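Here is how the chains run, residue by residue.
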Amino acid sequence: MDTYAVNAYRKSEPAEAAADGQPYAVDTPHIDSLAAEGMMFHQTHLMGSNSGAVCMPSRTCIMSGKNMWQRTQNMTAALTFPGVFNRGVRSDGAALLPYATYRTCKVGNSYPTANAEFTVVNDATKRGNTDGHGSEWHADQALSYLEDWSKKHKPSGKPFFIYLGFSHPHDVRLAREQPDLTGRYHCVNTADPATIVLNALAPPLPLNYLSCTPDTYPAHPFDHGGLTIRDEVKVAGVMKYRTEAVIRNEIGRNFACTDWIDQQVGRVLARLRDPNGDGDTSDSVVDNTYVVFTADHGIAIGRHGLQGKQNLYEHTWKVPYIVRGPGIKAGSESHALIYLHDTFPTFCDLAGLEIPATIDANDGQSFKAVLEDSSRSHRDVLYGVYAGSSKPGIRAVTDGRYKLIKYDVANNAVQMTQLFDLQKNPFELLPEHGVPNLAYQRSHAAVRQRLEEQLLRKRVEFADPYQFLGDRTLLRFEDGKAGSEAHTLQDYCAQGNDALAGSGRMDSLPLFSADVPDRQDFVYGSENTLSLAFERSKQHYLRIDNQRGLDFGAAPFTIELWVRFAVMPAGNEIACSMPVVQKKVIGAGDSKLDYMLLAAAGSYGGADNFDKLMLHFGSGSVVSSLAVPDTNWHFISVAFDPVTKKARFTMDDQIDIHEDVDLHGIVNDGPLIVGAHFNMAGKVDRVFDGLIDELSISDGYLAELELQPLRFSKEPTTPLGAVPQLSAMHLAENSGGAKYQP
């Protein structure tokens, strides 16, 4: 259920507003009463799904208390939510009557092992809009069971645990016509969206609405990996329409279904006040019962041009969560970050039941302290996943204020990062709404960097089985000391061996070796970082002999770094003196060279191309049109895909792409050399004359906007506004202004 379909949330959070600026109030008085008498949570999220049927893993996580990726690992029926309450094993070892457990819900899309563990089950899918065929059917079953419990179990003190689910408001969202909920919300029930006429009294469009017709579908500005899934294109009454008439009508039907559910919530609350239904409330159990109102996920219905639940925007990822019960302050609200699957261990904690050992530190955690107002926080960040369509899919992380969403879909063809300030932009408005994407704004560089690291860390913790293209950093060198150039790779020798001649140091330059993380490893932070803290007077290049993880073979790769020349190259005498990264067999000819990226090509590209970026690969080479203009810092990169024969050079805001590049001689059996060129005898032939900083090597042809988040030593001469591929991720200025740092 959508959070904003509950009036209590619409009143307390920024909400879509009617023309007069007032929230369009769906009628949910009974759910609102739960909020008024208990605690309403504003930051509850499901973890996500690896299925298009998002409800399935979400409900399973509730029943197992485990995270999405491990939701049924080592599980048995006795360890599920109902299994634990069936047995009533106390955490202190004392005897306790087991609970009477009951379930009524739609059929399927849940965890069968847990479902069968309930003592009594009455499941059926009821998505109709008439008596006996809709939401009141599930309430009828719950009322009947409460009456039965009051006669059979209440006298002995046996408590109950009821899982009450509704088949609505899932589509088809058939609004009640008798009594007239279609009239209340100004909507019509139809399977054909082409027949829907705009009703000016229908609920207003959401603020983050985007429009399209079947001819202009999709409305979402980029492929998010689920544009062809059933929920986006085959929902009766919507299909590929995102027109104002269709979306406002569908929101009206959603409100009508929510209203009908609220009526059933009111019936159940009334029965708790009168368990046997005899009109005498002296046997009320309402004040001794914890009541939780929540949902398995939200839904888009026109927001961001989407219709379904296969996304990680707040309207879908966040769920309503209200708890009423003993010890909970009436009318209280919480912004603590909680997962939906925290419910199981929390209610074990409240009931004094032993939390199963299968629930570990990466799974659900009790937020009893938040309910009892002894703590205001629960988690630092929340991680979200949608991998139900295109893999690896979508991931998100939020700290409650800021939220990062990353997309890697369509076989790596679509790479996108979004950053939202939820305090200032609670509806996650996009550039299409006139709001810039903060992921590519200089002002939010540090925020994005922090969330990127948190997201990757969470993916490692939760054993996320998929890698994003931008994850595949195999080797990274970072400047380890802010405000100083002492930690960059620097060479004072103007002409390599020429400058070293007679020094006795030509063959004795110290080598720096290190293990390289395996290409299958997740690597982040300092764990895949090698220091560039060299002695300026002794070390002039870096050599890594361990080639584990750097053997690309016929796979694509991307190299990125910041460079600065000591002097501008002038003439062919400087040919070959400025290689930045090379990999070749020492002692073998250039025909066995794996690859070499040069900031200045020299004679490799002809006498007129000595100042150009160039890639030398095997026995071939490709010279870009990009010329290094001066001795300031410049961001350069090269991406090469041997399969598609595509090479891309980047320098600051310039991009040069070469198609049909056929480079040969891939051997992958030499060391990686940074900052120097070796001749066929393995001697230092030329050494780079300048500075190198923030070098990153990745396996994969990274998209322009997904280049690694590299920090750099000096501000480039090109204004940021002209460098979209650098993005805000690369920039974070300290107070001195002379050095950029995280």
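Residues numbered from 1 in each chain as written. Predicted model: local features only at pLDDT ≥ 70, side-chain atom pairs only at ≥ 80, totals over all residues. Heavy atoms only, no water.

## A word on the sheet that holds strand β4 (residues 100-104)
Remark on secondary structure: sheet strands pair via backbone hydrogen bonds, oriented parallel or antiparallel. Read from one edge to the other, the open sheet built from 3 strands follows the order β5-β4-β6, with strand pairing classed as parallel. Looking along the sheet, the strands with just one partner apiece sit at the ends: β5 (120-121) and β6 (160-164). As paired elements, β4 and β6 share 5 bridges and run parallel to each other. Note that in β6 the partner of arginine 103 across the bridge is tyrosine 163. Across the face of the sheet, helix α6 (residues 135-152) comes into contact with β4, β5 and β6 while running at roughly 165° to β4. (Pairing = 2+ DSSP bridges. Helix = DSSP H or I, 4+ residues; strand = E, 2+ residues; numbered from the N terminus. Contact = heavy atoms within 4.5 Å. Axes fitted to C-alpha atoms, helices over the stretch in contact; angles between N-to-C directions.)

## Describing the confidence of the model for the protein chain
Here the protein chain averages 80 in pLDDT, while 75% of its residues score no lower than 70. Contacts from residues 479-539, a stretch scored under 50 in pLDDT, to residues over four places away or in other chains number 154 contacts. In this model residues 573-577 is a low-confidence stretch, pLDDT under 50, and it forms 17 contacts with partners more than four residues away in sequence or in other chains. (pLDDT = per-residue confidence, 0-100.)

## Describing the packing of α6 against helix α9 (residues 244-273)
Two packed helices can be described by the angle between their axes and the distance between those axes. The N-to-C vectors of α6 and α9 enclose an angle of 10°; their axes lie 9 Å apart at closest approach. In terms of orientation, α6 lies roughly parallel with respect to α9. Contacts between α6 and α9 pair Ser135, Glu136, Ala139, Asp140, Ala142, Leu143, Leu146 and Glu147 from the former with Trp260, Ile261, Gln264, Arg267, Val268, Arg271 and Leu272 from the latter. Of the residues contributing to the contact of α6 with α9, the split by class is 8 nonpolar, 2 polar and 5 charged. (Parallel < 35°, antiparallel > 145°, perpendicular 65-115°, else oblique. Nonpolar A, V, L, I, M, F, W, Y, C, P; charged D, E, K, R; others polar.)

## Some details on the packing of aromatic side chains
With the rule as written, the count across this model stands at 20 aromatic pairs. Taking 5.7 Å as the distance between ring centres and 50° as the angle between the ring planes, the aromatic pair formed by tyrosine 4 and phenylalanine 427 counts as tilted. Residue tyrosine 4 is found in the segment before α1 (7-12), and its partner phenylalanine 427 is found in the loop between β14 (414-421) and α13 (445-461); the two are separated by 423 residues along the sequence. Judged by centre distance (5.3 Å) and plane angle (70°), the rings of phenylalanine 41 and phenylalanine 367 are edge-to-face. Taken together, the positions of phenylalanine 41 in strand β1 (residues 39-41) and phenylalanine 367 in the loop between α11 (343-351) and α12 (368-371) put the pair 326 residues apart, joining distant regions of the chain. The burial state of phenylalanine 41 is the same as that of phenylalanine 367; both residues are buried. (Phe/Tyr/Trp six-rings, centres within 6.5 Å; stacked < 30°, edge-to-face > 60°. Buried < 20%, exposed > 50% of the residue type's maximum accessible area, 1.4 Å probe, protein only.)

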